[in-house]
Amino acid sequence: MGNHIATGNGKTDLENILEIRAKLQTMLKPARYEHSLSVSFTCICLAMRYGVDLHQAELAGLVHDCAKQFSNEELLKACAQDGVALTEDMLRAPQVIHSVYGATYARTCFGIEDPEILSAIYFHTLGKPDMSLLEAIVFTADYIEARRDKAARLPEIRQLAFTDLERAVYEINHDTIHYLEASGGYICKDSYDTYQYYRTRMQERGLTVSD
C-alpha cells in the first residue's frame, strides 16, 4: 500500500497518508474521524477485490468527509467564495453539500489534484449514473464501513459489496431512496437518477429488482 511510491511533493504515499490523517484528526470530531478511517480501510479492501489503485482508494476514503467540519451556513459561503455551483436540489437538501464542496476542499486543504479521487469525493453522497470503480467503491464503503450500524440490510449489503459491486450500489440506492420517502426526507433528482440507472442495469442483467 504504497510507501515505496514517491509522490509529486517528494513524499511517499505512506508519508502523505500519515500527514493527512494527522491534519484531519485536528479538523473533525472524533466519531467523524473514526468513520473516515474506517471508510478508508474499507475502500482499500474493496480496491484489492476489484483491482483499483490502493492508494487512490485509501486517500479518497480518508478525505471523503473532510468538509463535514463546516456548518451548512459555512458550506454555502465557501461554495459561493470558491465558485462551486449548487443546484436548487442541493440547497433543499444541504446535508449533501459537504460532498460537493469536499472535492474542492480536498484540493485546497490537502493538495489533492487527482481528478479521479476528487470525483469520488464529489459523488460519494448522491452518486451518479455509471460511476467509475473508484467512485462506486467510495460510495459503497461510506455505507458499509464497520462503524455503521443502523441500516436494516447492512450484513447482506456488506457481503454483496465484495461479490457484485454494481448490485451493492443498486441496493444502497434502493434502501436510501425508500428510507427518505418513508421518513419524509427531501430526495435530490441526482439521487433518483442514480437509482434509476442502477435499477435499469439490474434489469438488463436479468436480476430481480424491488419496487
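Treat the numbers as computed from the prediction; the structure is a model and nothing was measured.

Participant: Looking at this model, I keep getting lost on the layout of surface pockets. Mind explaining?
Facilitator: A water-sized probe, rolled over the atoms, reveals where empty space remains. Roughly 1200 Å³ of internal volume is contained in the largest pocket. Around the largest pocket, the lining is made up of 36 residues, and of these Thr125, Asp142, Tyr143, Arg148 and Thr176 lie nearest the centre. For the lining of the largest pocket, the elements supplying multiple residues, two or more each, are helix H2 (30-50), helix H8 (133-144) and helix H10 (165-183).

Participant: What am I meant to see in the nonpolar core here?
Facilitator: Note that soluble globular proteins tend to have their nonpolar side chains buried in a common cluster. Ranked by size, the top nonpolar core spans 67 residues in total, and within it Leu24, Val63, Tyr101, Phe110 and Ile112 carry the most contacts. Apart from the residues within four sequence positions on either side, Phe110 is in contact with Ile20, Lys23, Leu24, Met27, Val63, Cys66 and Tyr105.

Participant: Mind showing me how you'd approach unusual backbone geometry here?
Facilitator: Peptide bonds are, in most cases, trans, and in most cases residues other than glycine have a negative phi. A positive phi angle, close to 55 degrees, is found at Asp130, a residue other than glycine. Tracing the backbone shows Asp130 in the loop between helix H7 (115-122) and H8.

Participant: Teacher, can you tell me more about the packing of aromatic side chains here?
Facilitator: Inspection of every chain in the model, using the stated rule, returns six aromatic pairs. Between the aromatic rings of Tyr122 and Phe123, the centroid separation amounts to 4.8 Å while the plane-to-plane angle is 65 degrees, which identifies the pairing as edge-to-face. When the ring centre of Phe110 is taken as reference, the NZ or CZ atom of Lys23 above it lies at 5.5 Å.

Participant: I keep staring at the pattern of salt bridges and nothing clicks. Help me out?
Facilitator: A side chain of one charge can pair with a side chain of the opposite charge when the charged atoms of the two come close. For the coordinates displayed, the defined rule picks out 17 salt bridges. One salt bridge in this structure joins Glu171 and Arg153, with 2.6 Å as the shortest N-O distance. Taken as a pair, Glu171 in helix H10 and Arg153 in the loop between H8 and helix H9 (154-161) lie far apart in primary sequence, 18 residues in all. Classification of Arg153 by relative accessible area gives partly exposed; the value is 23%. Close ionic contact of Lys189 with Asp193 constitutes a salt bridge, the shortest N to O distance being 2.7 Å. Of this pair, Lys189 and Asp193 both sit in helix H11 (residues 189-204), four residues apart, roughly one helical turn.

Participant: In this structure, what is going on with H2? I would like to understand it.
Facilitator: In an α-helix, one turn spans 3.6 residues; hence positions three or four apart end up facing the same way. In this model, H2 (21 residues) spans 30 Å end to end at C-alpha, consistent with the 30 Å of a helix rising 1.5 Å per residue. Taken from the residues just after H2, Gly51 is the one with a positive phi, measuring 75 degrees.

Participant: Explain the confidence of the model for the protein to me, please; I cannot follow it from the model alone.
Facilitator: Detailed reading of the predicted coordinates is not advisable wherever pLDDT falls low. In the predicted model, the protein carries a mean pLDDT of 94, and 95% of its residues have values of at least 70. Contacts from residues 1-7, a stretch scored under 50 in pLDDT, to residues over four places away or in other chains number 15 contacts.

Conventions and cut-offs
- Residues numbered from 1 in each chain as written.
- Predicted model: local features only at pLDDT ≥ 70, side-chain atom pairs only at ≥ 80, totals over all residues.
- Heavy atoms only, no water.
- 1 Å grid on protein atoms, 1.4 Å probe; cavity = no way out; pocket = protein on both sides within 12 Å on 5 of 7 lines; lining within 4 Å.
- Points joined across faces, edges and corners; volume = space filled by probe spheres on them.
- Helix = DSSP H or I, 4+ residues; strand = E, 2+ residues; numbered from the N terminus.
- Core = buried A, V, L, I, M, F, W, Y, C linked by side-chain atoms within 4.5 Å.
- Buried < 20%, exposed > 50% of the residue type's maximum accessible area, 1.4 Å probe, protein only.
- Contact = heavy atoms within 4.5 Å.
- Phe/Tyr/Trp six-rings, centres within 6.5 Å; stacked < 30°, edge-to-face > 60°.
- Lys NZ or Arg CZ within 6 Å of the ring centre and 35° of its normal.
- Salt bridge = Lys/Arg side-chain N within 4 Å of Asp/Glu carboxyl O.
- Expected span 1.5 Å × (residues − 1).
- pLDDT = per-residue confidence, 0-100.

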